[in-house]
Structure formats: C-alpha cells, structure tokens
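Each chain is listed here by its residues.
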Amino acid sequence: MIGFQKKAPYTEEVIGEEPLNLPPIRFETVALWFDLPPGVIRGMEETRLDLAGGLHAVEHAAIAILPLFALCDRNDIGGVSTPLHPDTGRAQVFIYDAYPGGIGIAEKGFDLLPELWQATLMAITECLCHDGCPSCIQSPKCGNNNRPLDKEAARVLLEGLVGIK
Ligand SMILES: [Zn+2]
C-alpha cells in the first residue's frame, strides 16, 4: 500500500491513515542477495522467533549501514525480504539499487558482505532500544509500515551470518 499515517504529537498514536493512489514504479536494476544459514533458521523455528520479522529487520538495518561502505544515501537503495522466496525456495534478503540499470551499490555491497553483516549486527546490538527504533531496524520509507519487525530475531540471524553461532 502507498499512503501515510497521521500520528498525534508526543504519544505517536495513529489518528488517521490516508491511502494514496500512486502507480507502482517498475524498472530493471541490480540486486545483491544472500542465503541464511539453515541451522540458524531451524533454531529460530524451535525458539519461535519471528523469521519474517527478523529478515525484514536485517534488511532495514543493512540498508541503513550500506551507505557507510558504498558512499550513497539510504534513499538510493531498496530492499525486499521474505521467509520463502518462490524462485529460490528459501528465506531471502535482497538489497537493490533504486535506479534503473543499477549504479554499482549492490556490487559494492556484495564485495563487502561480511563487513556489512558485522557492522549491521553492531548497529543492532549497540542500539539501546528494546524492540527496534529508527536508529536501528525501522525505516522511514518502509512500504509495510515497519511491520513485521523483530530485533531479537535479526540479531540471531546476523550472528549466524557472521559465524558467531
Ligand atoms: Zn534501536
């Protein structure tokens, strides 16, 4: 859905939702994607952590961090995450250049993936919030109202990616 929410000052209470009818923008671009360690995903299912929320939170946090490596703005990058991608049959996080044809950000991110995972994990673990905030896993331009998001699940996924667990 494309639209915006009206929130009360201070309390953040949602007092209105205004859908906007903008046509979707379609273009071909370049993306990076990565798999998640199967053992980590099994462990999350056993501990009932929210895999979809974790993947979505990893996607947002990585998009916030990637500009530090690729010298761009977070608005230059988009992302998609899903617990089961129809083409790959697995959980997936995609990060793509938000420009037709791509401008080299995804390639740069792909070359630096281990560093990106490490820095993203640090951003999440060092953020003092409890359930996620705009400094770590929330995105100002999320198309799904920042739902679902799970900070703990994101931490577990990133620890698996960097090989801590
Ligand atoms: Zn936070």
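Relevant structure appears above.
What counts and what doesn't
Residues numbered from 1 in each chain as written. Predicted model: local features only at pLDDT ≥ 70, side-chain atom pairs only at ≥ 80, totals over all residues. Helix = DSSP H or I, 4+ residues; strand = E, 2+ residues; numbered from the N terminus. Rg over C-alpha atoms; globule rule 2.2 N^0.38 Å. Buried ≥ 20, exposed ≤ 12 C-beta atoms within 10 Å, placed from the backbone. Contact = placed C-beta atoms within 7 Å. Pairing = 2+ DSSP bridges.

**Q** Explain the overall build of the chain to me, and be specific about the residues and the numbers.
**A** A count of helices and strands for the chain gives five helices and five strands. Start at the N end of the chain and walk to the C end: the helices and strands fall as β-β-β-α-α-β-β-α-α-α. The C-alpha atoms of the chain give a radius of gyration of 16 Å, which matches the 15 Å a tight globule of 165 residues would have. Principal-axis analysis of the C-alpha atoms gives the chain an extent of 45 × 40 × 30 Å. Across the 165 residues in the chain, those meeting the buried criterion constitute 31%. Sequence-distant contacts in the chain: of pairs separated by 6 or more residues, those separated by 24 or more amount to 65%.

**Q** Just give me the short version of the pairing of strand β1 (residues 3-7), but keep the residues and values in it.
**A** In terms of residue burial, β1 counts as a barely covered element, since only zero of its five residues are buried. The pairing of β1 with strand β2 (residues 14-19) spans five bridges and is classified as antiparallel. Each residue of the ladder has a partner; that of K7, found in β2, is V14. Hairpin connection, β1 to β2: the antiparallel pair is bridged by six residues, and Y10 has positive phi, about 75°.

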